[in-house]
Amino acid sequence: MMERFLHKAITTVICLSLWPTMGMAKDLIKIEGSSTVYPITRQFAQQFMMQQKDVAQIVVGVTGTGGGFRKFCRGKTDISNASRPIKTQEKALCRENGIEFLELPIALDAITLVVSKDNEWLQHLSLEELATLWHPSSEKTITHWHQLNPSFPAEPIKLYAPGSDSGTYDYFTNVVLNGDELRGDHIANEDDYLLASKVATDPNALAFLGFAYYQNNQTQLKAVSISNDEQQAIAPSINSVTSGQYNSLSRPLFIYVNKAAVNRYSVNQFIEHYLNQKHLSYVVSTAGYIPLSPKMQSAAQSIFETQTMGSVFNSKELSTNFERFMERN
C-alpha cells in the first residue's frame, strides 16, 4: 500500500511540476503513459514550454503504458507514451470511442536484466533459463539460484519487476513467457528507479527494466548478458541493439497521438518539435536510450506529415516485429 501511495504521489508531483507558472489561457496538452518513455517526453515538454511560452501548458503523467492507453482510447489525453505497440483490445477501445491515432516510433530500447554490482556469479542467462525462472509454475519449486543452474549458489531468489500496467512488463512476458503472467512471488513497482535501488542493495536480487534505468545506475548495477540462438552471451548496448545482436529483448518506443488533437496548433507544433531529427537523437541519448537511425526518424516524420493512421505492429509477435522493423529501417 505504501509503494502504491508513493507512486501516486510521484505522478502528482510530475504533473504539477510541468505546469507553467503564468498564462492560464494557454492550450493544455495532456500526456500520460509509459515510465520508460517519460524521461524523453518530459525533456521535450520542458523545452517546448520554454521556447513557446505563449502556446501551451503540457502535463506529463506516469501511469504505465496500459494505464495511458486506457485514458488515451477514451479521449482523455492527447498523446500516449508507450513502451510497446498498442494491443488489439486497446485498438478496439479507440474505435469504440471514435479515436483515430498516429503511431510514431521515437527511440529504441533494450529491456535489461540487472543485478547488484556485488553479485559476482551471475554473468549471463539464456531465454530458456529466464522462462523457467519467471514462470508461475516455478513459484514454489525454483526458490534458490542453484535450482535454476547448479553452478549458481544456494542463495534465495529475489525478483523485482515493473507493475502489470507497464509496457515493459507486457513486452517481457510476451517474449519470455508467451504471454503468461509472471510468478506471483515477485515484487512489483511502476517506479523503475525504486526497482534499481532495491536490486543494488541485494546480491541475490534480479530485475528487468528499461535500458536508461540501467545506464543511469551503472555504478550500482550490472547488466546480465542474454544468450542468443548461437549460444553467444550478448550484453545490452547501443551497438548490440542497433546491430540486431541483442534482438529478443530489444524494442521500439512510441508516442501515440490523437488525430483530432493534431489539428490543434499547439499539439501540431509540439510534435514537429519532438520529431526534429537533431533534437530527437540528442534528447533520446541524454535520456539514456538508443536513437533511431536517420531512416527510422524519416519514417516517423512521414507518418506525421501524411497523417497515416493506425498501428503497423502486431503486439503478439513482439521480437519478430522488432526484427522486421530493423530490417525495414
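Residues numbered from 1 in each chain as written. Predicted model: local features only at pLDDT ≥ 70, side-chain atom pairs only at ≥ 80, totals over all residues. Heavy atoms only, no water.

- Where an unreviewed UniProt entry is consulted, the protein chain appears under the name Phosphate-binding protein, with the organism given as Vibrio fortis.
- Comment text from UniProt for the protein chain, heading Sequence similarities (unreviewed entry), reads "Belongs to the PstS family." (UniProt positions renumbered as here; feature names shortened; annotations may be inferred.)

### Section: helix α5 (residues 127–134)
Link 1 in the chain: All of the buried residues in α5 are Glu129, Leu130, Leu133 and Trp134. One face of α5 carries all of its buried residues, which in axial projection span an arc of 115 degrees. (Buried < 20%, exposed > 50% of the residue type's maximum accessible area, 1.4 Å probe, protein only. Helix = DSSP H or I, 4+ residues; strand = E, 2+ residues; numbered from the N terminus. Arc of directions from axis to C-beta.)

### Here we look at the sheet that holds strand β5 (residues 112–116)
Link 1 in the chain: The mixed open sheet is built from five strands, whose spatial order is β8-β7-β9-β5-β10. Each edge of the open sheet carries a strand with a single partner, namely β8 (187–188) and β10 (221–223).
Link 2 in the chain: Bridge count for strand β7 (residues 158–161) against β8 is two bridges, and the pairing is parallel. Bridge pairing in β8 places tyrosine 160 opposite isoleucine 187.
Link 3 in the chain: Most of the contacts of α5 go to β7, to which it runs at about 95 degrees, and overall it touches β5, β7 and β9 (205–209).
Link 4 in the chain: Relative to the sheet, helix α8 (residues 192–200) contacts β5, β7, β8, β9 and β10, its axis offset from that of β9 by approximately 155 degrees. (Pairing = 2+ DSSP bridges. Contact = heavy atoms within 4.5 Å. Axes fitted to C-alpha atoms, helices over the stretch in contact; angles between N-to-C directions.)

### A short note on the nonpolar core
Link 1 in the chain: Core analysis: the largest hydrophobic core is formed by 86 residues, its most contacted members being Ile40, Trp134 and Leu206.
Link 2 in the chain: Tryptophan 134 has contacts with Leu113, Leu159, Tyr160, Ala161, Phe172, Leu177, Glu181, Leu182, Arg183, His186, Leu206 and Phe208, leaving out every residue within four places of it along the chain.
Link 3 in the chain: In this structure, Cys94, Phe254, Tyr256 and Phe313 belong to the second largest nonpolar core, which totals 12 residues. (Core = buried A, V, L, I, M, F, W, Y, C linked by side-chain atoms within 4.5 Å.)

### Observations regarding the pairing of β7
Link 1 in the chain: Here β7 pairs with β9 via three bridges, running parallel. Bridge pairing in β9 links tyrosine 160 to alanine 207.
Link 2 in the chain: In this fold, the crossover linking β7 to β8 by way of helix α7 (residues 167–177) has right-handed handedness. (Right-handed = clockwise from strand over helix to strand, strands pointing away.)

### What about the environment of glutamate 128?
Link 1 in the chain: By the secondary structure assignment, glutamate 128 is in helix α5.
Link 2 in the chain: With a relative accessible area of 56%, glutamate 128 lands in the exposed category.
Link 3 in the chain: Sequence separation between glutamate 128 and valine 176 is 48 residues, and the spatial gap between their C-alpha atoms is 8.0 Å.

### Observations regarding the packing of aromatic side chains
Link 1 in the chain: One pass over the full model with this rule turns up 14 aromatic pairs.
Link 2 in the chain: Between the aromatic rings of tryptophan 121 and tryptophan 145, the centroid separation amounts to 5.3 Å while the plane-to-plane angle is 65 degrees, which identifies the pairing as edge-to-face. Of this pair, tryptophan 121 sits in the loop between β5 and β6 (124–126) while tryptophan 145 sits in helix α6 (residues 145–148), and the two are 24 residues apart along the sequence.
Link 3 in the chain: The partly exposed category is assigned to tryptophan 121, whose relative accessible area is 23%.
Link 4 in the chain: Centroid distance phenylalanine 172 to phenylalanine 208: 3.9 Å. Interplanar angle 10 degrees. Geometry classified as stacked. Of this pair, phenylalanine 172 sits in helix α7 while phenylalanine 208 sits in strand β9, and the two are 36 residues apart along the sequence. (Phe/Tyr/Trp six-rings, centres within 6.5 Å; stacked < 30°, edge-to-face > 60°.)

### Structural notes on the packing of helix α2 (residues 38–51) against helix α13 (residues 277–286)
Link 1 in the chain: Interhelical geometry of α2 versus α13 gives an angle of 125 degrees and a closest axis separation of 9 Å. Taken together, α2 and α13 sit at an angle that is classed as oblique. Like other packed secondary-structure pairs, α2 and α13 cross with a definite hand, here right-handed. Residue-level inspection shows Ile40, Gln43, Phe44 and Gln47 of α2 in contact with α13, the latter providing His279, Leu280, Val283, Val284 and Thr286.
Link 2 in the chain: For the contact of α2 with α13, the residue count by class is five nonpolar, four polar and no charged. (Parallel < 35°, antiparallel > 145°, perpendicular 65-115°, else oblique. Left-handed = near helix turned anticlockwise from the far one by under 90°. Nonpolar A, V, L, I, M, F, W, Y, C, P; charged D, E, K, R; others polar.)

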